[in-house]
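# Summary of the model geometry
Now for the letters of each chain:
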Amino acid sequence: MARHEPRYTLSTLDGLFVECGASLRYNIAPGQDAWVVRGAREPVSLRWGLLPRWKGHGGTRGPMIEAAPVEAVPATPLLRDAFKKQRCLVLADGCYAWTALKQPVWFHPEPRRVIAFAGVWAENRDDGVPSFAMLTGEPLVTRVTEAMPIVIDETDYDGWLAGDAESALAMAAPRPLDGWRSDNVTTWMASAEHDDPRCIEAIGNPLQGELF
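Every value quoted in this text rests on a predicted model; they were computed, and no experiment measured them. (Residues numbered from 1 in each chain as written. Predicted model: local features only at pLDDT ≥ 70, side-chain atom pairs only at ≥ 80, totals over all residues. Heavy atoms only, no water.)

As a further point, take the pairing of strand 9 (residues 115–123). Along strand 9, 8 of the 9 residues are buried, which leaves the element largely enclosed by surrounding structure. In terms of strand pairing, strand 6 (residues 87–92) meets strand 9 through 6 bridges, oriented antiparallel. Note on strand 9: the bridge partner recorded for arginine 87 is valine 120. Summarising the sheet, strand 9 and strand 10 (residues 130–137) pair through 5 bridges and their orientation is antiparallel. (Buried < 20%, exposed > 50% of the residue type's maximum accessible area, 1.4 Å probe, protein only. Helix = DSSP H or I, 4+ residues; strand = E, 2+ residues; numbered from the N terminus. Pairing = 2+ DSSP bridges.)

In structure tokens:
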């Protein structure tokens, strides 16, 4: 199965724990700017996608790292260095995933509120542009086969931002997400040019969304 480009949402500001001037987003895509929180709960808008340090023949740089499995951190120098001291909280209220039947699904807490995905950030040595990547883990439900963003528990926010790397790895361990919901949505969200409420509109009977 082809890997789908990761996407997520910030379609509500309810529960936002910092003042950052964020606007509602219904379809955040790699390469775009988005809000994260860094040490001392500092909110900042960064590009989604870390540029790798290496360059190939002719000086061509590899593709951006927008999402990476947490288990890949130790073997990836850029991620490993950022994970030690440059972790961040990616502000969101849900994410998209695809089922094996090519059905897009929007996952979100119910009631909707701002949560935080695990992330790391770095500043590119060539152009000085700071950017971030998400860390991913096992899918949250059985009908999704691709990795999904890791949700950091609210009680772990400060520890994730400022704690040691070993403790942070424990915070990134899989855990049940009580009260979360999955809604089938249309492929309108498949285009990064679409960033409006239509992206998250449930299709079929909205009351039949799957709670997990």
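As a further point, take the pattern of salt bridges. Enumeration according to the criterion identifies 7 salt bridges in this entry. Residues glutamate 42 and arginine 38 are paired through a salt bridge, measuring 3.2 Å at the closest nitrogen-oxygen approach. For glutamate 42, a relative accessible area of 36% translates into the label partly exposed. Take arginine 38: its relative accessible area is 14%, and that puts it in the buried class. Between aspartate 183 and arginine 181 there is a salt bridge, with the nearest N and O atoms lying 2.7 Å from each other. The two residues aspartate 183 and arginine 181 agree in class, both being buried. (Salt bridge = Lys/Arg side-chain N within 4 Å of Asp/Glu carboxyl O.)

Throughout the structure, instances matching the rule amount to 0 disulfides. Cysteine cysteine 88 shares no disulfide, and the gap to the nearest cysteine sulfur, in cysteine 20, comes to 13 Å. The thiol sulfur of cysteine 95 is not disulfide-bonded, and the nearest other cysteine sulfur, from cysteine 199, lies at 14 Å. (Disulfide = S-S within 2.5 Å.)

Right, let's talk about the environment of methionine 148 for a bit. Here methionine 148 is to be found in strand 11 (residues 148–149). Overall, methionine 148 belongs to the buried group, its relative accessible area being 1%. Separated by 80 residues in the primary sequence, methionine 148 and alanine 68 have C-alpha atoms spaced 9.6 Å apart. When neighbours within four sequence positions are excluded, methionine 148 is seen to be in contact with Cys95, Ala97, Phe107, Leu135, Thr136, Gly137, Glu138, Pro139 and Leu140. (Contact = heavy atoms within 4.5 Å.)

With that out of the way, let us pick up the nonpolar core. Tyr8, Phe107, Phe117, Phe132, Leu135 and Trp160 are the most contacted members of the largest nonpolar core, which has 56 residues in total. Looking at which element gives the most residues to this core, the answer is strand 9, with 7 residues. Tyr26, Trp98, Met189 and Cys199 belong to the second-largest nonpolar core, a separate cluster that totals 8 residues. (Core = buried A, V, L, I, M, F, W, Y, C linked by side-chain atoms within 4.5 Å.)

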